[in-house]
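What follows is each chain in one-letter form.
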Amino acid sequence: MSVAPPPALPPAERRRLIVRGLLRALAATTVLLALYFRGPFTQVQRMPVGLALGFALLALLLVSGWQLRAITRDAHPAVRAIEALAVTVPLFLLLFAASYFVLAQDDPSNFNTPGLTRVDSLYFTITTFATVGFGDIAATSENARLLVSSQIILDLLVLGLGIRVFTGAVQRARRRQDP
């Protein structure tokens, strides 16, 4: 059974819908970046990094679940799915960047670059996610390497499974909209 496309929108309304979705995603990403750069990580530094990352990944799952629900209920699920990816991926990356920053603050010898800043941590996260790995920042301790290994595995899951799940939600929503 093929999935019928959503009802055709006039071009101006379609552009407005896409722009509004992208603006919401941009606003969410801006808030996430502000929280990352201004957020107090002192409380997080008091708990084990693995536990903090576990809470962060739970938050990511909750946000993803909320996004999936929003996709399946939206009149234009494909636009909503793009917005969901534009929010979920930055959240995922910022959670790992925060984890690397906390790990580096806990023990500077976890990385080969002393005094890893929030920008350094975000840069390292993005180069790991993109599989570029320039080598200028490297995990040197076992804990840091375990965290980086976890990110690499989760990167593959987020890219493969995450996109598949969001695409499936769009298809379910479109089937539900068919008369």
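Residues numbered from 1 in each chain as written. Predicted model: local features only at pLDDT ≥ 70, side-chain atom pairs only at ≥ 80, totals over all residues. Heavy atoms only, no water.

- As recorded in an unreviewed UniProt entry, the protein chain goes by Potassium channel family protein and comes from Angustibacter luteus.

## Here's the deal with the overall build of the protein chain
Alright, step 1. Each helix and strand in the protein chain was counted, giving six helices and zero strands.
Alright, step 2. Traced from its N-terminal end to its C-terminal end, the protein chain shows the element sequence α-α-α-α-α-α.
Alright, step 3. Oriented by its inertia axes, the alpha-carbon framework of the protein chain measures out at about 60 × 30 × 30 Å.
Alright, step 4. Among the 179 residues that make up the protein chain, the fraction classed as buried is 37%.
Alright, step 5. A fraction of 75% describes how many contacts in the protein chain between residues 6 or more apart in sequence connect residues 24 or more apart.
Alright, step 6. Carbon and sulfur atoms make up 67% of the accessible area of the protein chain, which totals about 10500 Å².
Alright, step 7. The centroid of the 17 positive side-chain charges in the protein chain is displaced by 14 Å from the centroid of its 10 negative side-chain charges. (Helix = DSSP H or I, 4+ residues; strand = E, 2+ residues; numbered from the N terminus. Buried < 20%, exposed > 50% of the residue type's maximum accessible area, 1.4 Å probe, protein only. Contact = heavy atoms within 4.5 Å. Areas by Shrake-Rupley, 256 points an atom, 1.4 Å probe, with all protein chains shown as cover. Lys, Arg positive; Asp, Glu negative; His and termini not counted. Charge placed at Lys NZ, Arg CZ, Asp CG, Glu CD.)

## Section: the UniProt feature "transmembrane region" (unreviewed entry) in the protein chain
Alright, step 1. Taken from the UniProt record, the annotation "transmembrane region" (unreviewed entry) applies to residues 21–37, 49–69, 81–102 and 152–170.
Alright, step 2. The span residues 152–170 is 100% helical and 0% strand by assignment, and the distance between its end C-alpha atoms comes to 27 Å. (UniProt positions renumbered as here; feature names shortened; annotations may be inferred.)

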